[in-house]
Amino acid sequence: MLHIIKKQINMSDELHSKIKWACRINSIKQQPEIINGCLRIIEHTNLAYVEPHRVIINNKLLLFFNEHDYFYVTDLRTKYPMSKLQKYIS
């Protein structure tokens, strides 16, 4: 039987401040909803999956990874450079 271990990953302070900055620059009144990602490990195997941090801004789902130069929209197929975050959420 498979046993999956789930460990929460905290969002880095740098990433958190970039998101807050982009929201503040665009005068977004509602605070973004941030859901921390997690690491899922299948016990007794070498398989692991890193779930991204999910951020909901203006009813748009954005996905982030710590120490990553890109963010993703809705799923992992559409990525944008972090420099476009401010323009995307406006």
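Just so we're clear, the structure is a prediction, and the values are computed from it rather than from any experiment.

(A) Highlighting the pairing of strand 5 (residues 53-57). Along strand 5, the buried face is formed by His 53, Val 55 and Ile 57; none of Arg 54 and Ile 56, which line the opposite face, is buried. In this structure, strand 2 (residues 33-35) lies alongside strand 5, joined through three bridges in antiparallel fashion. Looking across to strand 5, one finds that Glu 33 is bridged to Ile 56. As paired strands, strand 5 and strand 6 (residues 60-64) are joined by five bridges and run antiparallel to one another. Within the sheet, the bridge partner assigned to His 53 lies in strand 6 and is Phe 64. Count of turn residues in the strand 5/strand 6 antiparallel hairpin: two residues, of which Asn 58 carries a positive phi of about 50°.

(B) Representation of the sheet that holds strand 4 (residues 48-50) in the model. Spatial strand order, 1-3-4: three strands in an open sheet with antiparallel pairing. Strands with a single pairing partner mark the edges of an open sheet, and in this sheet they are strand 1 (4-8) and strand 4. With direction set aside, neighbouring strand axes in the sheet form an average angle of 15°.

(C) Layout of the sheet that holds strand 7 (residues 70-73). An order of 2-5-6-7-8 is seen for the five strands of this open sheet, with the pairing classed as antiparallel. A single partner strand is all that each edge strand has here, and the edge strands are strand 2 and strand 8 (79-81). Across the sheet, the mean angle from the axis of one strand to that of its neighbour is 30°, orientation sign disregarded. In the sheet, strand 7 pairs with strand 8 via three bridges, with the strands oriented antiparallel. Counterpart to Tyr 72 in the pairing with strand 8 is Lys 79. Against the sheet, helix 1 (residues 13-25) makes contact with strand 2, strand 5 and strand 6, and its axis sits at roughly 10° relative to strand 5, the strand it touches most.

(D) Structural context of the side chain of Glu 51. Its location among the elements puts Glu 51 in the loop between strand 4 and strand 5. Only 2.5 Å separates the side chain of Glu 51 from the side chain of Arg 40, close enough to count as a polar contact. Setting aside chain neighbours within four positions, we find Glu 51 in contact with Gly 37, Cys 38, Arg 40 and Phe 65.

The rules behind these values
Residues numbered from 1 in each chain as written. Predicted model: local features only at pLDDT ≥ 70, side-chain atom pairs only at ≥ 80, totals over all residues. Heavy atoms only, no water. Buried < 20%, exposed > 50% of the residue type's maximum accessible area, 1.4 Å probe, protein only. Helix = DSSP H or I, 4+ residues; strand = E, 2+ residues; numbered from the N terminus. Pairing = 2+ DSSP bridges. Axes fitted to C-alpha atoms, helices over the stretch in contact; angles between N-to-C directions. Contact = heavy atoms within 4.5 Å. Polar contact = N/O pair within 3.5 Å; in protein donor to acceptor, adjacent residues only side chain to side chain.

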